[in-house]
Amino acid sequence: MCFTPLVSLTTALIEFFFAAIILLAFRKSTVTRFMGALIIGLGTYQFTEFMLCTTGNAQVWGTMGFLTYTILPAIGLHFVLRLTGRVHEPFMLYIPTIIFESIALFSRGFIIEGTCTDLFVQVKNTLFYDHSLLFLYTLYYFGYILMATYLLGEAYREETDRHRRRIYGLVLAGILVSLLPPLFLIILFPAMSIIFPSVYCEFALFLAAIAFLAAHADDRHRRRERGVRA
């Protein structure tokens, strides 16, 4: 939890606000659609934390939180593949997501424990007690994020168009600024790995702010291009 349920709810509402602005103001770009989806996902996860701590129903809201953050790496990698022009409809990317979310939905008692502390939410599910599944889930989750980061870095390095290079740079910065601090904390304090999603929410607003900048930059470029053609 981001310090208190109220702070968690406020953070979720701020992210929904950013997503609404991006989707309503900058409607016609790949950046807008995917960034909007990612921010909505982050806000939804934080709302599930708020509901878990205020209702005490860890099974329902812990499962909802897992479903929410499990799809985010697939959406992110899909976005990067579309943005860099490598793949347009990579349905196969979502197969691991579907498998893990099916386990969550159809396993009885998937959430074993959900605890609200002064700083974070700790949610344990059955994956934590199956080392093979946990390894595969970790490989999927961070493998997708690393692949997206690598592809963006390569695209940024090779791109000659100033506008596209700026978009690549902003999206890459959003990933790194929001992801590296919690990963650094977990490397220093391995026991915090169980609360990674909750730690990550402390930094998710950076991604929302950078997503707004990327969508705004893309919209301005598209407007200039239409003006030149006219």
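Preceding block: the structure.
Computed from a prediction, not measured in an experiment: that's the story for all the values here. (Residues numbered from 1 in each chain as written. Predicted model: local features only at pLDDT ≥ 70, side-chain atom pairs only at ≥ 80, totals over all residues. Heavy atoms only, no water.)

Turning next to the overall build of the protein chain. For the protein chain, the count of helices and strands is 8 helices and 2 strands. Listed by position from the N terminus, the elements making up the protein chain come as α-α-α-α-β-β-α-α-α-α. Counting over 230 residues, the protein chain shows a buried share of 47%. Contacts in the protein chain between residues far apart in sequence, at least 24 positions, make up 69% of those at least 6 positions apart. Accessible surface for the protein chain amounts to roughly 12,000 Å². Of this, 68% is attributable to carbon and sulfur atoms. (Helix = DSSP H or I, 4+ residues; strand = E, 2+ residues; numbered from the N terminus. Buried < 20%, exposed > 50% of the residue type's maximum accessible area, 1.4 Å probe, protein only. Contact = heavy atoms within 4.5 Å. Areas by Shrake-Rupley, 256 points an atom, 1.4 Å probe, with all protein chains shown as cover.)

What follows deals with the packing of aromatic side chains. Applying the stated criterion across every chain yields a total of 17 aromatic pairs. An angle of 25° between the planes, with centres 5.4 Å apart, marks the rings of F66 and Y137 as stacked. Here the residue F66 occupies a position in helix α3 (residues 58–83), and Y137 occupies one in helix α5 (residues 131–158), the gap between them amounting to 71 residues. Judged by relative accessible area, which is 1%, F66 ranks as buried. Exposure remark for Y137: the relative accessible area of 10% places this residue in the buried category. For the cation-ring pair, R165 lies above Y156, with the distance from its terminal atom to the ring centre recorded as 4.0 Å. (Phe/Tyr/Trp six-rings, centres within 6.5 Å; stacked < 30°, edge-to-face > 60°. Lys NZ or Arg CZ within 6 Å of the ring centre and 35° of its normal.)

Inspection of the entire model under this criterion finds 1 disulfide. Two residues share a disulfide in this structure: C53 and C116, whose sulfurs sit 1.9 Å from each other. Residues C53 and C116 are joined through a disulfide that is left-handed, its torsion about the S-S bond being -105°. Here C116 lies in strand β1 (residues 111–116) and C53 lies in helix α2 (residues 30–55), a separation of 63 residues in the sequence. (Disulfide = S-S within 2.5 Å.)

The subject of this paragraph is the pattern of salt bridges. Side-chain pairs of opposite charge can arise whenever the charged atoms involved come near each other. Enumeration according to the criterion identifies 3 salt bridges in this entry. Counted as one network, the salt bridges with shared partners bring together E154, R157 and E158. (Salt bridge = Lys/Arg side-chain N within 4 Å of Asp/Glu carboxyl O.)

On to the environment of I21, then. Inspection of the secondary structure puts I21 in helix α1 (residues 5–25). Between the C-alpha atoms of I21 and T32, which are 11 residues apart in sequence, the distance is 9.8 Å. Sequence-distant contacts of I21, defined by excluding residues within four places in its chain, comprise F26 and F212.

Residues V31, F66, L83, Y137, L152 and V171 are the most contacted members of the largest nonpolar core, which totals 56 residues. Going through the elements one at a time, α1, α2, α3, α4 (95–106), β2 (121–125), α5, α6 (162–188) and α8 (204–229) are the ones with two or more residues in this core. Per-element tally for this core: the top contributor is α3, with 12 residues. (Core = buried A, V, L, I, M, F, W, Y, C linked by side-chain atoms within 4.5 Å.)

Here the focus is the environment of G174. Secondary-structure assignment places G174 in helix α6. A residue is classified by how much of its surface remains accessible, and G174, at 0% relative accessible area, is buried. Considering only alpha carbons, one finds G174 and L207, 33 residues apart in sequence, at a separation of 4.7 Å. In this view, G174 contacts L207 and I210; residues no more than four positions away in its chain are not counted.

Spanning 12 residues, α4 covers 16 Å between terminal C-alpha atoms, matching the ideal 16 Å at 1.5 Å per step. Along α4, the positions that sit buried rather than exposed are T97, F100, E101 and A104. All buried residues of α4 project into a common sector of 95° when viewed along the axis, lining one side. (Expected span 1.5 Å × (residues − 1). Arc of directions from axis to C-beta.)

Relative to the helices and strands, G109 resides in the loop between α4 and β1. If we ignore the near neighbours within four places in the chain, the residues touching G109 are Q59 and T126.

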